[in-house]
Amino acid sequence: MVFDGDKCELAEILVLAALQPLSGETNLVVNDLRLCLPDSRIDSSREALQRITGQKVFTRNNLLIHADVKTVRAIDETVGSFRKAKSEGLFSYSAALNGIISLGGKDGIARLYTSEGQINRSADVKISGTLALITHINKALAVEIGKTVQPHIIMDAIERGDYLIPGSGFNFTKIFFDCREKWWSDIRSAVGKQWQPFADEIGEILVVGGSAHLVINKLPSDRYKVPEQPQFFDLLGLI
């Protein structure tokens, strides 16, 4: 559902599952809940997130939890990454335009930031996420073994690093690397085309998100960087 549906519509159950009271307690008050959106200007997305506010009572792992969410604030994806990168001095050319490429599951986004942290909206690029990579792999699997496989099975095999399909034992290592090449090449092409007018102004590009580790050895130059804990980098920047 997370891949096929609208994550904003699913946000209430996803966020409640993530809320963690202090050890030994069952009550939790959240004064300022910060959540990322691809574009925080979309009214329907912000309104969906507002349904999280208020008092909620739910059971998680056999524990009855009383949560009170005072406010929900929608922040553009990659804003946290830029703030964290700048505060940690990860951008060698802090006065230039610097980019963030966020590789997610269903999709991702690439953005350019001014030295003051303003998003250059004309440079925004919506890019394909891991699901597109899985689609490429599934097309190849249909040819090789005569059937497609559930996306989560492929993603688990990639995460394990054995590239084996349970049951059949088929090893799709070569398929993965070939498909990753096409997937990453398509992303770079889309970003390069949109960012071409700003090419002379761009300093460095940070690659973050849950799929950043898949391309860490495919970065075209030392101007591209993958930080530590790329999956959580954007969230940690919201602190």
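This text follows the structure it describes.
Residues numbered from 1 in each chain as written. Predicted model: local features only at pLDDT ≥ 70, side-chain atom pairs only at ≥ 80, totals over all residues. Heavy atoms only, no water.

(A) Highlighting the pairing of strand β4 (residues 63-69). Relative to β4, strand β1 (residues 27-30) runs parallel, the two sharing four bridges. Its bridge partner lying in β4, Val30 is registered against Val69. Relative to β4, strand β3 (residues 54-60) runs antiparallel, the two being bridged by seven bridges. Pairing of Lys56 across the sheet is with Ala67, part of β4. (Pairing = 2+ DSSP bridges. Helix = DSSP H or I, 4+ residues; strand = E, 2+ residues; numbered from the N terminus.)

(B) Structural view of the pattern of salt bridges. All chains considered together, the criterion is met by 19 salt bridges. Put simply, Asp178 and Lys174 hold a salt bridge, and the shortest N to O gap is 2.7 Å. With Asp178 and Lys174 both in helix α6 (residues 173-195), this residue pair falls four residues apart, about one helical turn. Several salt bridges share partner residues, and in doing so they unite Asp39, Arg41, Asp76, Arg111, Arg121 and Asp124 into one network. (Salt bridge = Lys/Arg side-chain N within 4 Å of Asp/Glu carboxyl O.)

(C) The sheet that holds strand β7 (residues 107-113), seen in detail. The strand order β8-β7-β6-β9-β10 describes an open sheet built from five strands, whose pairing is mixed. Edge positions in the sheet fall to β8 (125-128) and β10 (224-225), since each has one partner strand and no second. Of the pairings in the sheet, the one linking strand β6 (residues 97-103) to strand β9 (residues 202-208) comprises five bridges and is parallel in character. Considered in β9, the bridge of Ile100 is made with Leu206. Along the sheet face, helix α3 (residues 79-87) touches β6, β7 and β9 and points at about 115 degrees away from the line of β9. (Contact = heavy atoms within 4.5 Å. Axes fitted to C-alpha atoms, helices over the stretch in contact; angles between N-to-C directions.)

(D) Highlighting the packing of aromatic side chains. All chains considered together, the criterion is met by six aromatic pairs. Residues Phe82 and Tyr113 carry aromatic rings whose centres are separated by 4.7 Å and whose planes lie at 15 degrees to one another, so their mutual orientation is stacked. In this pair, Phe82 sits in helix α3 while Tyr113 sits in strand β7, placing the two residues 31 residues apart along the sequence. Just as Phe82 is buried, Tyr113 falls in that class too. Note on Tyr163 and Phe172: the rings are 5.8 Å apart at their centroids and 85 degrees apart in plane angle, and the pair reads as edge-to-face. (Phe/Tyr/Trp six-rings, centres within 6.5 Å; stacked < 30°, edge-to-face > 60°. Buried < 20%, exposed > 50% of the residue type's maximum accessible area, 1.4 Å probe, protein only.)

(E) Region of interest: the packing of helix α1 (residues 7-18) against helix α2 (residues 43-50). Orientation of α1 relative to α2, taken along the N-to-C sense of each, is 15 degrees, at an axis distance of 8 Å. Relative to α2, the element α1 is oriented roughly parallel. Here α1 runs over α2; the crossing is right-handed. Note on element contacts: α2 touches α1 through Ser45, Ala48 and Leu49, opposite Cys8, Glu9 and Ala11. Taken together, the residues of the contact of α1 with α2 sort by class into four nonpolar, one polar and one charged. (Parallel < 35°, antiparallel > 145°, perpendicular 65-115°, else oblique. Left-handed = near helix turned anticlockwise from the far one by under 90°. Nonpolar A, V, L, I, M, F, W, Y, C, P; charged D, E, K, R; others polar.)

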